[in-house]
Amino acid sequence: EPEVTQTPSHQVTQMGQEVILRCVPISNHLYFYWYRQILGQKVEFLVSFYNNEISEKSEIFDDQFSVERPDGSNFTLKIRSTKLEDSAMYFCASSRQGSLEAFFGQGTRLTVV
Amino acid sequence: ELKVEQNPLFLSMQEGKNYTIYCNYSTTSDRLYWYRQDPGKSLESLFVLLSNGAVKQEGRLMASLDTKARLSTLHITAAVHDLSATYFCAGDNNAGNMLTFGGGTRLMVKP
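Residues numbered from 1 in each chain as written. Chains lettered and ligands numbered in written order. Predicted model: local features only at pLDDT ≥ 70, side-chain atom pairs only at ≥ 80, totals over all residues. Heavy atoms only, no water.

Break down the pattern of salt bridges for me, citing the residues and quoting the values.
Residues and elements named next belong to chain B. On inspection of all chains with the given rule, the structure shows 4 salt bridges over all chains. One salt bridge in this structure joins K3 and E1, with 3.9 Å as the shortest N-O distance. Residue K3 is classed as partly exposed on the basis of its relative accessible area of 48%. Given the relative accessible area of 82%, E1 is considered exposed. Between R36 and D38 there is a salt bridge; the shortest N-O distance is 2.9 Å. Note on R36: relative accessible area 14%, which makes it buried. Classification of D38 as partly exposed rests on a relative accessible area of 26%. (Salt bridge = Lys/Arg side-chain N within 4 Å of Asp/Glu carboxyl O. Buried < 20%, exposed > 50% of the residue type's maximum accessible area, 1.4 Å probe, protein only.)

Laid out in structure tokens, this is it:
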């Protein structure tokens, strides 16, 4: 069964460092998303991406964040200068059509120290 | 801006009992989703409800959507321990490119 894969599963970084979280969406999906979940809290939308551009973003997705689809398969989230409050589980998701049944990856746990 | 609220936030129940989780949302949303999350794991899609009156069932779980009341319910029938997890409902915006999640309901089913 096709699935969304994310790497790494866990990343520890020092405050102020740049991190890149990687995702391989399901191959015939056209919509890609990043969400995050701070430990024990609800899932929060960051950004959606369609047709090689951002289609929606939240207030959380400020200038420190960027997304890219560098080739036909990968979808990345970059945080330029990490803060302690960026520590969370980051989920990538993809869907064939809009947010209709988005499939989520296993997540990358980001710990900023 | 869509707001989604679930209740209860925590539910402890005995095996064999029935219960309902409620999901209210603030603005028009034609689609409502239910996800399950096990501790430390990803979000597993359970149900996609696309229209008013939609009802879907899978095993001991049944979800319904009332768009006029802006309410979705997830009903658990004869709970078993394996259903212990956190359940999230989510609505999408009119453009269909963003999900807003409720706070989650942590369900614990005791033998």
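After that view, the rundown keeps rolling.
Lay out the environment of B:L11 in plain terms, naming residues and giving numbers.
Residue and element names in this part refer to chain B. The residue L11 is located in strand β2 (residues 10–14) in this model. By relative accessible area, which is 7% here, L11 ends up buried. A sequence separation of 75 residues divides L11 from T86, and the C-alpha atoms of the two residues are 9.7 Å apart. Excluding anything up to four places from it in sequence, L11 contacts Y19, I21, T105, R106, L107 and M108. (Helix = DSSP H or I, 4+ residues; strand = E, 2+ residues; numbered from the N terminus. Contact = heavy atoms within 4.5 Å.)

Give me the lowdown on the sheet that holds strand β6 (residues 55–58) of chain B, citing residues and values where you can.
Residues and elements named next belong to chain B. Spatial strand order, β1-β3-β8-β7-β6: 5 strands in an open sheet with antiparallel pairing. Looking along the sheet, the strands with just one partner apiece sit at the ends: β1 (4–7) and β6. Pairs of neighbouring strands in the sheet enclose a mean axial angle of 15 degrees, with direction left out of account. The sheet contact formed by β1 and strand β3 (residues 19–25) spans 4 bridges and is antiparallel. Looking at β3, one finds that E5 is bridged to N24. (Pairing = 2+ DSSP bridges. Axes fitted to C-alpha atoms, helices over the stretch in contact; angles between N-to-C directions.)

Go over the state of the cysteines with me, naming the residues and quoting the values.
All chains considered together, the criterion is met by 2 disulfides over all chains. What pairs with A:C23 in a disulfide is A:C92, and their sulfur atoms sit 1.9 Å apart. Negative torsions about the S-S bond denote left-handed disulfides, and the value of about -65 degrees found for A:C23 with A:C92 makes this one left-handed. Note that A:C23 is positioned in strand β3 (residues 19–24) and A:C92 in strand β9 (residues 88–95), a separation of 69 residues in sequence. Covalently, B:C23 is tied to B:C89 through a disulfide, its sulfur atoms 2.0 Å apart. On the sign convention where negative means left-handed, the S-S torsion of about 85 degrees between B:C23 and B:C89 marks this disulfide as right-handed. Note that B:C23 is positioned in strand β3 and B:C89 in strand β9 (residues 85–92), a separation of 66 residues in sequence. An identical accessibility class is assigned to B:C23 and B:C89; each is buried. (Disulfide = S-S within 2.5 Å.)

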